[in-house]
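Here are the chains, one letter per residue:
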Amino acid sequence: MSEKTLMSRRRLLLNSGISVIGLSLLPAIASPALASVPANDALSGFISFSRLATGHNDLDEKIGSQLYAALSAKDAAFTDNLRKLVDMVRGGAHADVESLDAALTGNPLRDTLLGIIKAWYSGVVEEGTGATVYAFEKALMYQPARDVVVIPTFAFNGPDYWVAEPNPVSQMPRF
Amino acid sequence: MANEKLSADVVIVGAGICGSLAALELARAGISVLLLDAGPRYDRAQIVENWRGMPPHNKAFYDYATPYPVVPWAPHTTFFPENNYLIVKGPDATAYKQGIIKGVGGTTWHWAASSWRYLPNDFRLKSTYGVGRDYAITYDDLEPYYYAAEVEMGVNGPNGMDIVPSAPRKNPWPMDSMPYGYGDRRFTEIVKPLGYDNTPVPQGRNSRPYDTRPQCCGNNNCMPICPIGAMYHGIYSAQKAEALGTKIIENAVVYSIETDDKNRIVAMNYYDPDKQSHRVTAKTFVIAANGIETPKLLLLAANDKNPNGIANSSDQVGRNMMDHPGIGMSFQSAEPIWAGGGSVQMSSITNFRDGPFRSEHSAIQIGYNNTAQNSRAGMKALSMGLVGKKLDEEIRRRAAHGVDIYVNHETLANPDNRLVLSKTQKDALGIPHPEVTYDVGEYVRQAAVSSREHLMTIANAMGGTEIEMTPYFTPNNHITGGTIMGNDPKDSVVDGWLRAHDHENLFLATGGAMAAAGTVNSTLTMAALALRAADAIKRDMKHA
């Protein structure tokens, strides 16, 4: 891969953010999915469902917008499947993702649910080394240990912070 | 550029740590230097963002190359996916898939900054233990240069601790060690009753503000990029040299070397990215293009008077390729260890660096890898199909309990472990790729039996589960031997000053000169050797 392609693949877009820098990476040539901005209601439906799917309310909507576009582009059935999942949780039918997950045993829609969760946690929707990265420091998988383990390249509060005794493993930080 | 006169007292090929330190030392003495590098200049902030924008798969499996974009005129090795720039063959091909970076600053852009001195016996392996080869110099010859390198790089170390074995020192380390994080602390406590002394690794990293660079803030991303410059990289010495008048030309790929009737080097020629050729002249030439690219260039530059390659009348160029073949182990410990506090390499077990056993098998270094486990923990937990609280708990549990340890082995110089120019693969400029055949040898294989036992002993003591150990040997990028040092021009390439036996005004300032690999990271030794070579050049210039 040429330098030019590689660099442009890694072109940085800065999200607005106060405490942390948000970043995302877009392919050199915007795909149709990324070019088309999802309708507001579809996106808000995705974000709303994502809150239940991940168990976390504080989700970045700009990242959500990109994940929604990428998931839709990856799987033609995604929006239909998402609609079915949204229907399943309508009216508080499932209080949390554990309840929904249990109800989806043996149902192909479970793959869609896990795909949404994986996107928010890992920041990518594809496997392997070619994946486009939509989130790094806001990827949810960096949050459960963030009180003890730095998100690499970032720091807590200056030199020698690491001499402190770690919190108990049982003490999950809020995020 | 075409009209510019490309000439200096000294031309240095390769702006990595060795070339940059030599350039700085010469520039300080008022000597004009032209410093060439095949690769580009890097912008730290861009490399940091490239890493952040790298897929989590790459992060979880320690991809150090992808953040450094490969340029077609100076390809370096990448493994995600593997680009096959470095062709490896032989029974232990896996153990020579080296990570190198081309560009100003070189591979120290993504090192862990472990900055060890070798032991006196590492310099006299043959005379002490009857195996391998001796250096052409003693530890004492190199001691002042070790210290000069430590001061220039900014090395912190365990001042005041009595560690056996240790290299004798005339001066303390310029900085004291950084304090351990919880992981290194607990690991040290757990292995102590087993007879293992886990002690601080000397690190080229600021444990206090030093040389205008900040103190380490524990960003835990030393490999592949320190985001704040608390870790030393060759780029700092290159920039200092530049401020003193050294001219740096990046993207300059040297491909031919001209010699005169006395076999002195007259000129070198390099390609720019458009394959336009440029000629550079100097009184003295230094090749400091790392342990792979240096022998590659010497072979590539064969001419009428030197048909087997420059500096190669001994036929030893590209032979004796060494490294520290590793065995890696990962597991989940019974108690939380919380890897990731501080730098990625804080401590290691050095009980087995020396001893009479070296007449039979390798000395070893056992190490605890303090790289944060959160990328790996996240990806593993996601692969388990968990959701909700169980998913979060599994990620946190794995981030806390994940442990990586390793053993690195000393290798012996073996002429059959050889780098040649590929007959089939060429880069965009038409320059052949390097091809290495590698067999770690019985000396290592015998040691590896007990090394695996050491690793299992430690894993069991930590109540390890999900234990995985590499069944093959891994590379460690400690590239040594390919332009080996010796007193006899018939079986070595350079002398104790890194001067090529065949060419009075050519120095090969790389780890390739190292005649024995020892057990620990080779960088400080090659840096010290480069400074010693610079001293010889200064002396030449004074007497010219």
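Quick caveat: nothing in here was measured; it's all calculated off a predicted structure.

Q: Looking at this structure, I do not really get the packing of aromatic side chains. What am I missing?
A: Think of a pair of aromatic rings as described by two things: how far the centres are apart, and how the planes are tilted against each other in angle. In the structure shown here, the tally under the stated rule is 21 aromatic pairs over all chains. Their ring planes at 80° and their centres at 5.1 Å tell us that F136(A) and Y142(A) sit as a pair that is edge-to-face. Here the aromatic cluster, defined as three or more aromatic residues joined through ring pairs, consists of F46(A), Y68(A), F78(A) and W120(A). Lying over the aromatic face of W173(B), R169(B) brings its terminal NZ or CZ to 3.9 Å of the ring centre. Geometry around Y236(B) places R213(B) over its ring, the cationic atom sitting 4.8 Å from the centre.

Q: Which parts of the structure should I look at to understand the confidence of the model for chain B?
A: When pLDDT drops low, the exact placement of atoms in the prediction is not to be read closely. Counting all residues, the mean pLDDT for chain B is 97, and 99% of those residues have values of 70 or more. Scored as a complex, the prediction yields pTM 0.93 and ipTM 0.94.

Q: I'm lost on the interface of chain A and chain B in this one. Help?
A: Accessible area lost upon the coming together of the parts is a frequently used measure of interface size. Chain A puts 54 residues into the contact, and the matching count from chain B is 62 residues. Both sides together, the interface formed by chain A and chain B hides about 4600 Å², and carbon and sulfur atoms give 66% of it. Scanning the region where chain A abuts chain B turns up two salt bridges. Linking chain A to chain B there are 17 residue pairs in polar contact (both at pLDDT 80 or more).

Q: Quick question: what am I supposed to make of the environment of P172(B) here?
A: All names here are of chain B. Its place among the elements puts P172 in the loop between β4 (156-157) and β5 (175-176). Considering only alpha carbons, one finds P172 and N159, 13 residues apart in sequence, at a separation of 6.1 Å. Ignoring anything within four residues of it in the chain, the contact list for P172 reads Y147 and N159.

Q: Can you help me understand the side chain of S20(B) in this one?
A: All names here are of chain B. Note on placement: S20 falls in helix α1 (residues 17-28). Note on S20: relative accessible area 0%, which makes it buried. Those residues in contact with S20 that sit more than four places away from it in its chain are G14, A15, L35, G234, S237 and A238.

How each quantity is defined
Residues numbered from 1 in each chain as written. Chains lettered and ligands numbered in written order. Predicted model: local features only at pLDDT ≥ 70, side-chain atom pairs only at ≥ 80, totals over all residues. Heavy atoms only, no water. Phe/Tyr/Trp six-rings, centres within 6.5 Å; stacked < 30°, edge-to-face > 60°. Lys NZ or Arg CZ within 6 Å of the ring centre and 35° of its normal. pLDDT = per-residue confidence, 0-100. Contact = heavy atoms within 4.5 Å. Buried area = accessible area lost by both parts, 1.4 Å probe. Salt bridge = Lys/Arg side-chain N within 4 Å of Asp/Glu carboxyl O. Polar contact = N/O pair within 3.5 Å; in protein donor to acceptor, adjacent residues only side chain to side chain. Helix = DSSP H or I, 4+ residues; strand = E, 2+ residues; numbered from the N terminus. Buried < 20%, exposed > 50% of the residue type's maximum accessible area, 1.4 Å probe, protein only.

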